[in-house]
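Breakdown of the fold
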Amino acid sequence: MKLSLTTWSLRGLTLDEAAGFSRVLGIGALDLGYFYKPGLDREALIADPDGMAERVLKLGVALPNLYHLFGGSLSDRNLADPRYRTQNEADFRQVVRFARRAGLGSVFVLPGVVNPGQDRAAALVESAESLRRLVAIAAPEGIQLTIEPHVHSYLESPTLVLDLLDRVPGLKLVLDYAHFVCLGYRQEEIDVLAPHAAHVHLRQARMGVLQCKLSLGTLNFPAMLGTLRAAGYDGYLAIEYVHQDYMDGLHDDVLTETIDMRDCVREWLA
């Protein structure tokens, strides 16, 4: 297992500075996204995936994963809304081209929300259909499609996640235990998802709090890492402390918590 940082954790840095910061911390890997100062320009990437790939390859760090958001919010053009499938698929073909040219192993998208007139079951059905089509675009190019179950999506329980995975062969997870712990699930209830992980996000959490200081949460990281290893996971662990309004993530020192999490993982791996 190897560590990575995320560009959306480093919101005040340029992309080149974020890559340099990752090297300074001895990590040397950076997950890409579209948010804040180091974020990629989504429209530019879709218009010229080859040019954007050339840009990120000059960063000099490993690039494990891209977080692709189809619209401008969690609900905009979300995968549980069938009206946007054709547009989303067209964009995703360009995203996959970028990922292949830039040497990324995976792309993660969000599963979707409960749209007007839907319940969770209907959202899952529509999302599964969208995801099957996206897997069919990504897999032939050697890119692993992943989703992140998250708070405020339709996919807020391990049981629903397993149901979705059964419906979409080839789909894997970006697994962030924090989203489930925040909703009240015990860590051992989340462990069933570890065999389906293709990428992992790390931050501390507790019931009702999506992100908190390492010393103030309930996640047992040595136990989590042991579960992942037992499941055969040997991919990246992306440290994902953020400073943003979503779920009140405004109160932690991102630098300090990132370093503390780095050291926690290093100690266990050693």
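Criteria and cut-off values
Residues numbered from 1 in each chain as written. Predicted model: local features only at pLDDT ≥ 70, side-chain atom pairs only at ≥ 80, totals over all residues. Heavy atoms only, no water. Helix = DSSP H or I, 4+ residues; strand = E, 2+ residues; numbered from the N terminus. Buried < 20%, exposed > 50% of the residue type's maximum accessible area, 1.4 Å probe, protein only. Phe/Tyr/Trp six-rings, centres within 6.5 Å; stacked < 30°, edge-to-face > 60°. Lys NZ or Arg CZ within 6 Å of the ring centre and 35° of its normal. Pairing = 2+ DSSP bridges. Lys, Arg positive; Asp, Glu negative; His and termini not counted. Salt bridge = Lys/Arg side-chain N within 4 Å of Asp/Glu carboxyl O. Polar contact = N/O pair within 3.5 Å; in protein donor to acceptor, adjacent residues only side chain to side chain. Contact = heavy atoms within 4.5 Å. Axes fitted to C-alpha atoms, helices over the stretch in contact; angles between N-to-C directions. Parallel < 35°, antiparallel > 145°, perpendicular 65-115°, else oblique. Left-handed = near helix turned anticlockwise from the far one by under 90°. Nonpolar A, V, L, I, M, F, W, Y, C, P; charged D, E, K, R; others polar. Disulfide = S-S within 2.5 Å. Expected span 1.5 Å × (residues − 1). Arc of directions from axis to C-beta. Core = buried A, V, L, I, M, F, W, Y, C linked by side-chain atoms within 4.5 Å.

Observations concerning unusual backbone geometry
Although it is not a glycine, Tyr-36 adopts a positive phi angle of roughly 65°. Relative to the helices and strands, Tyr-36 is located in the loop between strand S2 (30-31) and helix H2 (42-47). We classify Tyr-36 as partly exposed; its relative accessible area is 32%.

Focus on the packing of aromatic side chains
The description of two aromatic rings rests on the distance between their centres and on the angle between their planes. Per the stated rule, a full pass over the model turns up seven aromatic pairs. Taking 6.4 Å as the distance between ring centres and 45° as the angle between the ring planes, the aromatic pair formed by Phe-70 and Phe-92 counts as tilted. Placement of the pair is Phe-70 in the loop between strand S3 (65-67) and helix H4 (85-102) and Phe-92 in helix H4, with a sequence separation of 22 residues. Relative to Tyr-185, the ring of Phe-180 lies with its centre 6.2 Å away and its plane at 80°, an arrangement referred to as edge-to-face. The exposure class of Tyr-185 is partly exposed, given its relative accessible area of 27%. Taken together through their ring pairs, the aromatic side chains of Trp-8, Phe-35, Tyr-36, Tyr-67 and Phe-108 make up a single cluster. Sitting above the plane of the Tyr-36 ring, Arg-11 keeps its charged end 4.0 Å from the centroid.

Overview of the sheet that holds strand S10 (residues 236-239)
Spatially, eight strands are ordered S2-S1-S10-S7-S6-S5-S4-S3 in an open sheet, and the strand pairing comes out parallel. Every other strand in the sheet has two partners, leaving S2 and S3 as the edge strands with one partner each. Relative to S2, strand S1 (residues 2-6) runs parallel, the two being bridged by two bridges. By the bridge assignment for S2, Thr-6 is matched with Asp-31.

Topic: the side chain of Asp-31
Relative to the helices and strands, Asp-31 resides in strand S2. Within the buried set, Asp-31 has no salt-bridge partner at all; the shortest N-O distance to an opposite charge, 11 Å, is to Lys-2. Within the structure, the side chain of Asp-31 is placed 2.8 Å from the side chain of Ser-4, a separation counted as a polar contact. Setting aside its immediate chain neighbours within four residues, Asp-31 contacts Ser-4, Leu-5, Thr-6, Thr-7, Trp-8, Pro-64, Asn-65, His-199, His-201 and Ala-238.

Quick word on the packing of helix H9 (residues 221-230) against helix H10 (residues 254-269)
Where H9 contacts H10, the axes come no closer than 10 Å and their chain directions differ by 55°. Judged by the angle between their axes, H9 and H10 are oblique. Remark: the crossing between H9 and H10 carries right-handed chirality. Touching Phe-221, Pro-222, Leu-225, Gly-226 and Arg-229 of H9 are Met-261, Cys-264, Val-265, Trp-268 and Leu-269, all from H10. A breakdown of the residues in the contact of H9 with H10 according to their chemical character gives eight nonpolar, one polar and one charged.

Concerning the state of the cysteines
Within this structure, the stated rule accounts for zero disulfides. Here Cys-182 stays free of any disulfide, with the sulfur of Cys-212 as its closest cysteine sulfur at 9.9 Å. Here Cys-182 falls in the buried class, since its relative accessible area comes to 7%. The cysteine Cys-264 is free of any disulfide, with Cys-212 supplying the nearest cysteine sulfur at 13 Å. The class of Cys-264 is buried, set by a relative accessible area of 18%.

Regarding H10
Between its first and last C-alpha atoms H10 spans 22 Å; for 16 residues at 1.5 Å apiece the expected length is 22 Å, and the two agree. Considered for burial, the residues of H10 that qualify are Val-254, Glu-257, Thr-258, Met-261, Arg-262, Cys-264 and Val-265. Viewed along the axis of H10, the buried residues span an arc of 160°, placing them on a single side of the element. Packing partners of the buried residues in H10 comprise S1, strand S7 (197-202), strand S8 (204-206), H9 and S10.

Quick look at the nonpolar core
Judged by nonpolar contacts, the single largest core of 83 residues is most densely connected at Leu-40, Leu-66, Phe-92, Phe-98, Leu-131 and Leu-164. In terms of residue count, helix H5 (residues 120-138) provides more of this core than any other element does, eight residues in total. Trp-8, Leu-69, Leu-110 and Val-242 belong to the second-largest nonpolar core, a separate cluster that totals seven residues.

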